[in-house]
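Close look at the chain arrangement
Residue-level listing of the chains:
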Amino acid sequence: MTVGGCDMVTGVGTDIIDISRVRRLWSDHCDHLENDLLTASEYKRFRAIIDDTNCESAEPNRATWFLATRLAVKEAAFKALGAPRIPAFNWCDIEVLGDSDLSIRVSGELGNAMKETNCPSFVASVKCDGRFCLAFVIGVTT
Amino acid sequence: MTNLPAREQIIEAIRRAVSEALLIPQDQVIPSARLVSDLKAESIDVADIRFRIEDGLKIRIDQREMMVALGENLTAEELNNSFTVQFVIDYVTEKLTQGARG
């Protein structure tokens with residue numbers, strides 16, 4: 001639905017995530033990231049950043065920000081669905097593509113929820129600094 | 001068929017997982033505590049708790065499956081009220097029992 005030539009906003013979601021919390025999660029559960037929090041494609045890019053920066057530890061770096069960005073955007077996208085009933089989902093049902101220009105792909109039960117809430121796509125913006133990563137996502141229909 | 005941990009071991013493992021993930025004393029992790037509303041767990045914390053339980057009890061917990069067990073078509077408030085430490089204990093015990101049978 002378009003009003004005055006503009007996309008119609010169907011939902012808004014935000015999330016702020018503490019970078020140190022992400023670092024702790026990574027440090028304690030590196031074996032759980034792939035195919036649980038990150039899709040295979042996201043994990044491949046995450047590993048590539050680690051290899052590029054030659055950093056296996058969870059110190060503040062591009063890899064930590066990459067992980068924080070994915071988690072914050074996934075959470076914000078889930079909120080942006082605006083579903084009145086909470087659909088059961090896995091983190092990998094939401095895939096975050098791109099780096100500076102983010103896009104979001106949704107599958108599984110969340111994909112069905114998107115259809116029900118008339119939310120065919122998302123627009124995302126994210127900002128990370130040394131302490132926090134803030135994601136802002138809106139659901140839009142055209 | 002594998003050996004099922006004693007109920008006390010399961011409870012202890014879950015209380016430890018919640019305590020370590022949320023950085024709170026274990027005496028706050030009582031069965032009636034709601035993970036989100038009372039213990040202030042964020043979604044990243046819930047993932048952390050799940051991973052600690054998986055590692056501690058050698059099981060696999062699928063988040064979607066666990067959410068379905070909480071109840072389908074719940075509002076956010078209903079879900080938060082149902083998502084207690086006791087629910088996690090019962091859910092994990094059932095998973096382990098199924099695994100021991102299988």
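Residues numbered from 1 in each chain as written. Chains lettered and ligands numbered in written order. Predicted model: local features only at pLDDT ≥ 70, side-chain atom pairs only at ≥ 80, totals over all residues. Heavy atoms only, no water.

1. With respect to the overall build of chain A
Filter applied, for reference: To qualify as a helix, a DSSP run of H or I must reach at least 4 residues; to qualify as a strand, a run of E must reach at least 2; elements of each kind are numbered from the N terminus. Each residue's exposure class comes from its accessible area (1.4 Å probe, protein chains only) as a fraction of the maximum for that residue type: buried when under 20%, exposed when over 50%, partly exposed otherwise. Contact definition: two residues touch when any of their heavy atoms are within 4.5 Å. Method for areas: the Shrake-Rupley scheme with a 1.4 Å probe, in which residue coverage is limited to the protein chains shown.
Helix and strand counts for chain A come out as 4 helices and 6 strands. Helices (α) and strands (β) of chain A occur, in sequence order from the N terminus, as β-β-α-α-α-β-β-α-β-β. When burial is assessed residue by residue, chain A has 48% of its 142 residues classed as buried. Summarising the internal contacts of chain A: among those between residues at least 6 apart in sequence, 63% fall at separations of at least 24. Accessible area of chain A: about 6900 Å², with a carbon and sulfur share of 51%.

2. Here's the deal with the environment of A:Gly130
Residues and elements named next belong to chain A. By the secondary structure assignment, Gly130 is in the loop between strand S5 (121-128) and strand S6 (132-141). Owing to a relative accessible area of 48%, Gly130 belongs among the partly exposed residues under this scheme. Residues Gly130 and Asn61, spaced 69 residues apart in sequence, show a C-alpha to C-alpha distance of 9.1 Å.

3. Observations regarding the packing of aromatic side chains
Residues and elements named next belong to chain A. The condition is simple: Any two of the Phe, Tyr and Trp rings considered here, Trp counted by its six-membered ring, make a pair once their centres fall within 6.5 Å; the pair's planes then place it as stacked at under 30 degrees, edge-to-face at over 60, or tilted in between.
Per the counting criterion, the structure on display carries 6 aromatic pairs over all chains. Centroid distance Phe46 to Phe66: 6.1 Å. Interplanar angle 25 degrees. Geometry classified as stacked. Taken together, the positions of Phe46 in helix H2 (residues 40-53) and Phe66 in helix H3 (residues 62-80) put the pair 20 residues apart, joining distant regions of the chain. One exposure class covers both Phe46 and Phe66, and it is buried.

4. Observations concerning the confidence of the model for chain B
Here is the rule: pLDDT: the predictor's confidence for each residue, scored from 0 to 100.
Summarising the model, chain B shows a mean pLDDT of 94, and 98% of its residues fall at 70 or more. What the predictor reports for the complex is a pTM of 0.91 with an ipTM of 0.90.

5. Looking at the packing of helix H3 (residues 63-70) of chain B against helix H5 (residues 85-101) of chain B
Residue and element names in this part refer to chain B. Counted only if it meets this: Between N-to-C directions, angles cover 0 to 180 degrees, with each direction set by a line fitted to C-alpha atoms, over the stretch in contact for helices. Each crossing is labelled by how the near helix is turned from the far one, with a counterclockwise turn of less than a right angle marking it left-handed and a clockwise turn marking it right-handed.
The N-to-C vectors of H3 and H5 enclose an angle of 120 degrees; their axes lie 11 Å apart at closest approach. Pair H3 / H5 crosses with right-handed handedness. Residue-level inspection shows Glu65, Met66, Ala69 and Leu70 of H3 in contact with H5, the latter providing Phe87, Tyr91 and Lys95.

6. Focus on the interface of chain A and chain B
As a reminder, the rule being used: Buried surface area refers to the total accessible area, computed with a probe of radius 1.4 Å, that the two partners give up upon joining, counted for both partners together. Salt bridge, as used here, is a side-chain nitrogen of Lys or Arg placed within 4 Å of a carboxyl oxygen of Asp or Glu. Between N or O atoms, a polar contact is any pair within 3.5 Å; within protein, one atom must be a potential hydrogen donor and the other a potential acceptor, and residues adjacent in sequence are included only when both atoms are from side chains.
Counting from both sides, the interface comprises 22 residues of chain A and, opposite them, 25 residues of chain B. Overall, the association of chain A and chain B removes approximately 2000 Å² of surface from exposure, summing both partners, and the carbon and sulfur fraction of that is 50%. Between chain A and chain B we count 7 salt bridges in total. Viewed at the interface, chain B and chain A are joined by 21 residue pairs in polar contact (both at pLDDT 80 or more).

7. Some remarks on the pairing of S5(A)
Residues and elements named next belong to chain A. Note the threshold: Pairing between strands requires that DSSP locate at least two bridges from one strand to the other.
Relative to S6, S5 is paired through 8 bridges, and the arrangement is antiparallel. Its bridge partner lying in S6, Cys128 is registered against Cys133. Linking S5 to S6, which pair antiparallel, is a turn of 3 residues.

8. Focus on helix H4 (residues 108-116) of chain A
All names here are of chain A. Put simply, the test is: What the arc describes is the spread of directions from the helix axis to the C-beta atoms.
Burial in H4 covers these residues: Leu110, Gly111, Ala113 and Met114. Axial view of H4: buried residues confined to an arc of 160 degrees, hence all on one face. Among the exposed residues of H4, those oriented more than 90 degrees off its buried face are Lys115 and Glu116. Contacts from the buried residues of H4 go to H3, strand S3 (94-97), strand S4 (103-106) and S5. Of the residues flanking the end of H4, it is Asn118, one or two places downstream, whose phi is positive at about 55 degrees.

9. Let's talk about the environment of A:Tyr43
All names here are of chain A. As for its placement among the helices and strands, Tyr43 is situated in helix H2. You can call Tyr43 buried: its relative accessible area is 16%. A sequence separation of 93 residues divides Tyr43 from Phe136, and the C-alpha atoms of the two residues are 22 Å apart. In this view, Tyr43 contacts Leu33, Glu34 and Leu38; residues no more than four positions away in its chain are not counted.

10. Notes on the nonpolar core
For clarity, the threshold we go by: We call a set of buried Ala, Val, Leu, Ile, Met, Phe, Trp, Tyr and Cys residues a nonpolar core when their side-chain atoms join them within 4.5 Å.
Core analysis: the biggest nonpolar cluster contains 77 residues, and A:Phe46, A:Phe122, B:Ile53 and B:Val92 have the highest contact counts within it. With 11 residues, H3(A) is the largest single contributor of residues to this core. Contacts of A:Phe46, omitting those with residues within four sequence positions, involve A:Trp26, A:Leu33, A:Leu38, A:Ala63, A:Phe66 and A:Leu67.

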